[in-house]
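Analysis of the macromolecular model
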Amino acid sequence: MDDNLEKHRKQLIRPILLFLVLILLLFGGLFYVKHNPKILQSTETVVTKSFEEGEEEIVDGIHIETGFVEDEHMQLVIQNCTSCHSAKLVTQNHMSEEGWKATIKWMQETQNLWGLGENETKIITYLAKNYGPETKGRRENIEVIEWYELK
């Protein structure tokens, strides 16, 4: 009986010692943080850049900050589109006026986009003009073919 009890005691000592060491480390860490609170402060600096009207840089007809094509109503698109998502989400898409209108309607119904009022037409016009459908893909079918038989 004593051997069995001794065996159980040895099996319990290791987990108990491990638990005590973990508790000691935890309290030691808490003590250290309490006496050195700066250790939890972030050293990362967030830089924000604000632009005044006319201060934004445009190179070769492209607005550097957003990548939008410089054109009439660009500022309107920047104000209404980039407040919720990246400009890249706009510039990577190419849709017709109907496509952009449907996308705006979808965002209003499902993504809490506010009503654009009279600006909606201006925004859609800008987007369709500068980010309209691209023509690429397969060549058109050949209409007239003179077939011949292989011999």
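Just above, that's the structure.
Within each chain, residue numbers correspond to sequence positions counted from 1 in written order. Thresholds applied to this predicted model are a pLDDT of at least 70 for local features of residues and 80 or more for the giving and counting of side-chain atom pairs; totals over whole chains, interfaces and linings are not thresholded and use all residues. Hydrogen atoms and water are omitted, and side-chain values are computed over all heavy atoms in the structure.

**Regarding the packing of helix α2 (residues 74-81) against helix α5 (residues 119-130)**
A packed helix pair is summarised by two numbers, namely the angle formed by the two axes and the spacing between the axes. Worth spelling out the cut-off: Only C-alpha atoms enter the line fits that serve as axes; for helices the fit covers just the stretch in contact. Angles between N-to-C directions range over 0 to 180 degrees. A run of DSSP states H or I qualifies as a helix once it reaches four residues; a run of E qualifies as a strand once it reaches two. Both are numbered from the N-terminal end. Relative orientations are named as follows: roughly parallel for angles under 35 degrees, roughly antiparallel for angles over 145 degrees, roughly perpendicular for angles from 65 to 115 degrees, and oblique for any other angle. The contact criterion used is simple: two residues touch if any of their non-hydrogen atoms lie within 4.5 Å. Classification convention: Asp, Glu, Lys, Arg as charged; Ala, Val, Leu, Ile, Met, Phe, Trp, Tyr, Cys, Pro as nonpolar; all other residues, Gly among them, as polar.
Between α2 and α5, the least distance of the axes is 9 Å, while the angle of their chain directions is 105°. Taken as axis vectors, α2 and α5 run roughly perpendicular relative to one another. Contacts between α2 and α5 involve M74, L76, V77 and N80 from the former and N119, K122, I123, Y126 and L127 from the latter. For the contact of α2 with α5, the per-class residue count stands at 6 nonpolar, 2 polar and 1 charged.

**Brief notes about a nonpolar patch on the surface**
To keep things clear, this is the line we draw: Patch membership is restricted to residues that have no salt bridge and whose relative accessible area is over 30%. Joining uses 9 Å for like charges and 5 Å for the nonpolar side chains Val, Leu, Ile, Met, Phe, Trp and Tyr. What sets the accessible areas is the Shrake-Rupley method with a 1.4 Å probe; for residues, cover comes only from the shown protein chains. Counted as salt bridges are all cases of a side-chain nitrogen of Lys or Arg within 4 Å of a carboxyl oxygen of Asp or Glu.
Among the surface-exposed residues, L12, I13, I16, L17, F19 and L20 lie close enough to one another that they form a single nonpolar patch of about 590 Å² accessible area. The residue I16 is located in helix α1 (residues 2-35) in this model.

**Description of the packing of helix α4 (residues 97-110) against α5**
Definition in use: Here a crossing is called left-handed whenever its near helix is offset anticlockwise from the far helix by less than a right angle, and right-handed whenever the offset is clockwise.
Two elements in contact, α4 and α5, have axes separated by 9 Å at closest approach and are oriented at 130°. Between α4 and α5, the crossing angle belongs to the class labelled oblique. The element α4 and its partner α5 pack so that their crossing is right-handed. Along the contact surface, α4 presents E97, W100, K101, I104 and Q108, while α5 presents E120, I123, I124, L127 and A128.

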